[in-house]
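# Chains, contacts and geometry: an overview
Next come the chains, spelled out residue by residue.
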Amino acid sequence: GLPSVIVNDTFARHYFGGASVVGRRLRMLWENGTPKEWRTIVGVVPDTFLKGSFNRPRTGAAVFLPLEESVPTYPTVVVRGPRAAKSLADPLRRALARLDPDLVPYGVGTPRTSLIATDGQSAVVTGIFTAFAAVACILATVGLYGVTSFAVGRRTKDLGIRMAMGASRERIITEVLREGGLQFAVGATGGVLLALAFVHFGASRLTDFLYEVSPRDPAVYAAVVALLAAATVVACLVPARRAARVAPMVALRSG
């Protein structure tokens, strides 16, 4: 019979329109364009990440040839057993020794440890960026709290006059929150614009440290803005409640 081949879902959809492909034939080309021999499709497998780094996996139409036709220099064998992964190392070594005593397994481990070893540098850089982002969020919250507290403190007399004239505590809190919200809106707008400008000039470098997300993903920007908005509410609510609890006569005597 003809040599066999296995294709993935994308290949089947792209070249056969999603129809049944088992039993169909195909021919691949050499680098110079010369066609190779005909092959029979014997199976279809789900799409997986192909050659490339963990950060930039390459997906698309793929064809898988029998192992005996093209043995790689460092083949990878994936085994799943009923016991814990660590307990399978020694049985695998013994089974390999029975097949060929000259073969020595290299890099025995779980898929997780392999990914960590391959992309450890990216994980470290991502962790550093995450730490910087957390520190920036904390500093922004503390700074906004300090500015809001200072502004409310300078307006204690004004707020006292308003409460003496009948303004409710809820109105005082709402006013302080509105001023903090205005500051946040200005800062968030400027920050998003600067981020988009930075991405425009450095998107190619950022992509190396991102996984399944775009530097221009609107969901990411929305999540960051929502997080900072929550921090703004917390930073403004404390001084606002403190100002609303001040007795009007005490506020009028201050300053």
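See the structure printed just above.
About the criteria used
Residues numbered from 1 in each chain as written. Predicted model: local features only at pLDDT ≥ 70, side-chain atom pairs only at ≥ 80, totals over all residues. Heavy atoms only, no water. Salt bridge = Lys/Arg side-chain N within 4 Å of Asp/Glu carboxyl O. Helix = DSSP H or I, 4+ residues; strand = E, 2+ residues; numbered from the N terminus. Buried < 20%, exposed > 50% of the residue type's maximum accessible area, 1.4 Å probe, protein only. Core = buried A, V, L, I, M, F, W, Y, C linked by side-chain atoms within 4.5 Å. Contact = heavy atoms within 4.5 Å. Pairing = 2+ DSSP bridges. Phe/Tyr/Trp six-rings, centres within 6.5 Å; stacked < 30°, edge-to-face > 60°. Lys NZ or Arg CZ within 6 Å of the ring centre and 35° of its normal.

### Focus: the pattern of salt bridges
All chains considered together, the criterion is met by three salt bridges. Between Asp-47 and Arg-13 there is a salt bridge, with the nearest N and O atoms lying 3.8 Å from each other. Pair noted here: Asp-47 is in the loop between β3 (35-45) and β4 (63-64) and Arg-13 is in helix α1 (residues 9-16), with a separation of 34 residues, a long-range link. A residue is classified by how much of its surface remains accessible, and Asp-47, at 35% relative accessible area, is partly exposed. Residue Glu-37 is joined to Arg-39 by a salt bridge in which the shortest nitrogen-to-oxygen separation is 3.3 Å.

### Notes on the nonpolar core
Listed in full, the 10 residues of the largest apolar core are Val-152, Leu-159, Met-163, Ala-167, Ile-172, Ile-173, Val-176, Ala-240, Ala-243 and Ala-244. Apart from residues lying up to four places away in sequence, Ile-173 is in contact with Leu-237, Ala-240, Arg-241 and Ala-244.

### Observations regarding the sheet that holds strand β1 (residues 4-8)
Ordered by their spatial adjacency, four strands build an open sheet running β2-β3-β1-β4, and the pairing between neighbours is mixed. Among the strands making up the open sheet, the edge pair consists of β2 (25-29) and β4. Sheet analysis places β2 next to β3, joined by four bridges and oriented antiparallel. Looking at the pairing, Leu-26 lines up with Arg-39 of β3.

### Some thoughts on the packing of aromatic side chains
All told, the structure shown has two aromatic pairs when counted by the stated rule. Plain terms: the ring middles of Phe-11 and Tyr-15 are 4.6 Å apart, the flat faces sit at 40 degrees to each other, and that makes the pair tilted. Remark: Tyr-15 and Phe-11 occur in helix α1; sequence separation between them is four residues, near one turn of the helix. A ring pair is formed by Phe-11 and Phe-16, whose centres lie 6.4 Å apart and whose planes are at 45 degrees; its orientation type is tilted. Judged by relative accessible area, which is 10%, Phe-11 ranks as buried. Over the ring of Trp-38 we find Arg-25; its NZ or CZ atom is 4.5 Å from the centre of that ring. Note that Lys-36 overlies the ring of Trp-30, its terminal NZ or CZ placed 4.3 Å from the centroid.

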